[in-house]
Amino acid sequence: MRWGAGSVSGDGTRTAVLALLARRGPLSRAQIAEILGLSPATVTSSTRRLLAVGMLAEQEPRVPAAGRPSIPLRLVPRSAHAIGVQVALDHVATVLTRLDGVVVDGASWPFDPAAPEAVERLTELIRGRIAEAARQRRPLLGVGVAVPGVVEPETGTLRMSVRLGWNGMPLAARLRAALGVPVFVDNDISAVTVAERLYGPSAECADFLVVAIGQGIGAGLVLDGAPYRGAAGAAGEFGHLPILADGPECVCGNRGCLETQASTEALARQGREAGLIGPDAGVGELGALAVAGDERARELFADAGALLGRALAGVVNILGTSTVVVVGEITPLWDHVRAAFDAALAAHLLPCVRETRIEVRPWEERLIAVAAAGIALGAPLAAPRQRG
Ligand SMILES: [Zn+2]
């Protein structure tokens, strides 16, 4: 398994070892070294530190029929926890997870990012969760916060979020100063991508793409084993792929972006403009019409599917990724999107990447909050060089 262009080093080794044991269960040091492609000495020194702090424990030695006995190491799930926070347009969702990524509990609150005291309110919500974890005597590793916007991976500063209206905000620094615990901030789709890299079914893949399709459209990229973020964290803005020369204005300020035609918000808008659904209705109502057999509703989903398939084919042709994971609010409606999407994708993929696997994941309400906890568990892979 590759972990970036070089080998894993420093705290990255810790992250890799913990995530591997969370996924696979107990393994010997030799097995860990082999699977992660690390030297036995590196694994020995890294696991020694993790044993010393109680995150790992040794099990009874396994005695093989031939050869030396080996001592399996196992994760101690309750030895450390993380709080994951999703800051969305209209709500804040939080979860508390154990070291193995299993969710202990979660909660959600209405939230208005445009309110003058929005960051103070966010701080108080997180403070309440930290106090709750302390009451339950759960040791806390840190807090991961996922936001829709461009985040500087090194500092956790939110450079730009058109959705939240927060620009140039040193969010990680502000939360850290107020809360006094390690806080890591990252883009929401980057967080989902890293969680997939650490704990998901694609964990063993060195190259994959996560495409999130909901109110907005974004992508996360793992290339050669490491998340790819681009200059100052701006990679992955798949939703702003220009597809129409003079289309409707996008939230980014440009015109004709993919997001204006194929996001769930765009679908709902098209349904309203066509008079198919009421002025307050959303994509769920449009989906219900499609299920009921309404041809015009089905056509809107098919049009979006064709655009998404064609756009994605272009991205896969450039990157050569062998796996694409599709997540987001559109996935419960994928039955109406699939045929046109598959056809457009197949028509535009180059022959050398036609075997690319598309995995459409079931919609999970807490996906981003759980991934945000992974930022804290997965630092520094998730938030390189943020020092909490
Ligand atoms: Zn745009």
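Since we're looking at a predicted model, the values are computed, not measured.

How each quantity is defined
Residues numbered from 1 in each chain as written. Predicted model: local features only at pLDDT ≥ 70, side-chain atom pairs only at ≥ 80, totals over all residues. Heavy atoms only, no water. Core = buried A, V, L, I, M, F, W, Y, C linked by side-chain atoms within 4.5 Å. Buried < 20%, exposed > 50% of the residue type's maximum accessible area, 1.4 Å probe, protein only. Domains from an automatic or database assignment. Contact = heavy atoms within 4.5 Å. Buried area = accessible area lost by both parts, 1.4 Å probe. Axes fitted to C-alpha atoms, helices over the stretch in contact; angles between N-to-C directions. Helix = DSSP H or I, 4+ residues; strand = E, 2+ residues; numbered from the N terminus. Parallel < 35°, antiparallel > 145°, perpendicular 65-115°, else oblique. Left-handed = near helix turned anticlockwise from the far one by under 90°. Nonpolar A, V, L, I, M, F, W, Y, C, P; charged D, E, K, R; others polar. Disulfide = S-S within 2.5 Å. Patch = residues over 30% accessible without salt bridge, like charges linked within 9 Å, V, L, I, M, F, W, Y side chains within 5 Å. Areas by Shrake-Rupley, 256 points an atom, 1.4 Å probe, with all protein chains shown as cover. Salt bridge = Lys/Arg side-chain N within 4 Å of Asp/Glu carboxyl O. Pairing = 2+ DSSP bridges. Expected span 1.5 Å × (residues − 1).

**Student:** Looking at this structure, how should I read the nonpolar core?
**Tutor:** One broad trend across soluble globular proteins is that nonpolar side chains are buried collectively. Core analysis: the largest hydrophobic core is formed by 44 residues, its most contacted members being Ile 32, Leu 56 and Leu 99. The next biggest cluster of nonpolar side chains, apart from the first, holds 37 residues, and it includes Leu 209, Leu 286, Phe 301 and Ala 313.

**Student:** Where do I start with the domain arrangement of the protein chain in this structure?
**Tutor:** It is common to give the size of an interface as the accessible area that goes away when the parts come together. The domains assigned to the protein chain are domain 1 (11-75), domain 2 (80-194 + 367-378) and domain 3 (204-360). The straight-line distance from the C-alpha centre of domain 2 to that of domain 3 is 26 Å. On the side of domain 3, 22 residues touch domain 2, which itself brings 15 residues to the contact. Regarding the contact of domain 2 and domain 3, the summed buried area is about 1300 Å², with carbon and sulfur atoms giving 64% of it.

**Student:** What exactly am I supposed to notice about the packing of helix α2 (residues 29-36) against helix α3 (residues 40-52) here?
**Tutor:** Between two packed helices, both the angle of their axes relative to each other and the distance between the axes serve to describe the pair. Running from N to C, α2 and α3 cross one another at 120°; their axes reach a closest spacing of 9 Å. Taken as axis vectors, α2 and α3 run oblique relative to one another. You can see that α2 and α3 cross each other, and the crossing is right-handed. Note on element contacts: α3 touches α2 through Pro 40, Val 43, Thr 44, Thr 47 and Leu 51, opposite Arg 29, Ile 32 and Ala 33. Residue classes in the contact of α2 with α3 are distributed as five nonpolar, two polar and one charged.

**Student:** Looking at this model, I keep getting lost on the state of the cysteines. Mind explaining?
**Tutor:** A covalent bond bridging the sulfur atoms of two cysteines is what the word disulfide describes. Under the criterion given, the structure shown has zero disulfides. Left without a disulfide partner, Cys 352 is nearest to the cysteine sulfur of Cys 205, which lies 18 Å away. Using a relative accessible area of 68% as the deciding quantity, one classes Cys 352 as exposed.

**Student:** What is the right way to read a nonpolar patch on the surface from this model?
**Tutor:** Taken together, the side chains of Met 160, Val 162 and Val 251 define a hydrophobic patch exposed on the protein surface, amounting to about 240 Å² of accessible area. Along the polypeptide, Met 160 turns up in strand β9 (residues 158-161). Judged by its relative accessible area of 40%, Met 160 is partly exposed.

**Student:** Explain the sheet that holds strand β12 (residues 208-213) to me, please; I cannot follow it from the model alone.
**Tutor:** Think of a sheet as strands paired side by side through backbone hydrogen bonds, with each pair either parallel or antiparallel. One open sheet accounts for five strands, arranged β14-β13-β12-β15-β16; its pairing is mixed. Looking along the sheet, the strands with just one partner apiece sit at the ends: β14 (226-228) and β16 (357-360). Taking each pair of neighbouring strands and ignoring which way they run, the sheet shows an average axis angle of 25°. Judged from the four bridges that link them, β12 and strand β15 (residues 323-327) form a sheet pairing that is parallel. Paired with Ala 212 across the strands is Val 327, a residue of β15.

**Student:** Just to check I follow, could you spell out the pairing of strand β10 (residues 166-169) for this structure?
**Tutor:** Moving residue by residue along a regular strand, the side chains alternate between the two faces of the sheet. Inspection of the sheet shows β9 paired to β10 by three bridges, in the antiparallel sense. In the sheet register, Ser 161 faces β10, and the bridge partner there is Trp 166. Between the antiparallel neighbours β9 and β10 lie four residues, among them Gly 165 with a positive phi of about 75°.

**Student:** It is not clear to me how helix α6 (residues 188-199) should be interpreted in this structure. Could you clarify?
**Tutor:** In a regular helix each residue adds 1.5 Å, so twelve residues correspond to 16 Å; α6 covers 16 Å between its end C-alpha atoms and thus fits that length. Burial analysis of α6 places eleven of its twelve residues in the buried class, which makes it a mostly covered element. Among all positions of α6, only Asp 188, Ile 189, Ser 190, Ala 191, Val 192, Thr 193, Val 194, Ala 195, Glu 196, Arg 197 and Leu 198 are buried.

**Student:** Would you take a moment to explain the environment of Ala 231 for this structure?
**Tutor:** Examined against the element boundaries, Ala 231 turns out to sit in the loop between β14 and α7 (259-262). On the basis of relative accessibility, which here comes to 66%, the residue Ala 231 falls in the exposed class. For the pair Ala 231 and Ala 262, spaced 31 residues apart in sequence, the C-alpha separation works out to 26 Å.

**Student:** Would you take a moment to explain the pairing of strand β11 (residues 183-187) for this structure?
**Tutor:** Taken across its five residues, β11 has five buried, putting it largely inside the fold. Pairing analysis gives five bridges linking strand β7 (residues 140-147) to β11, with the strands arranged parallel. Bridge pairing links Ala 146 to Asp 186 in β11.

**Student:** I tried to follow unusual backbone geometry on my own but got confused; where do I start?
**Tutor:** Peptide bonds are trans in most cases, and residues, glycine excluded, mostly fall at negative phi. If you check the backbone angles, Arg 137 has positive phi at about 55° while not being a glycine. The topology assignment puts Arg 137 in the loop between α4 (118-135) and β7. Accessibility expressed as a relative area gives 74% for Arg 137, which makes it exposed. Positive phi is not limited to glycine here, since Asp 224 has a value of about 50°. Locating Asp 224 in the fold gives a position in the loop between β13 (217-223) and β14.

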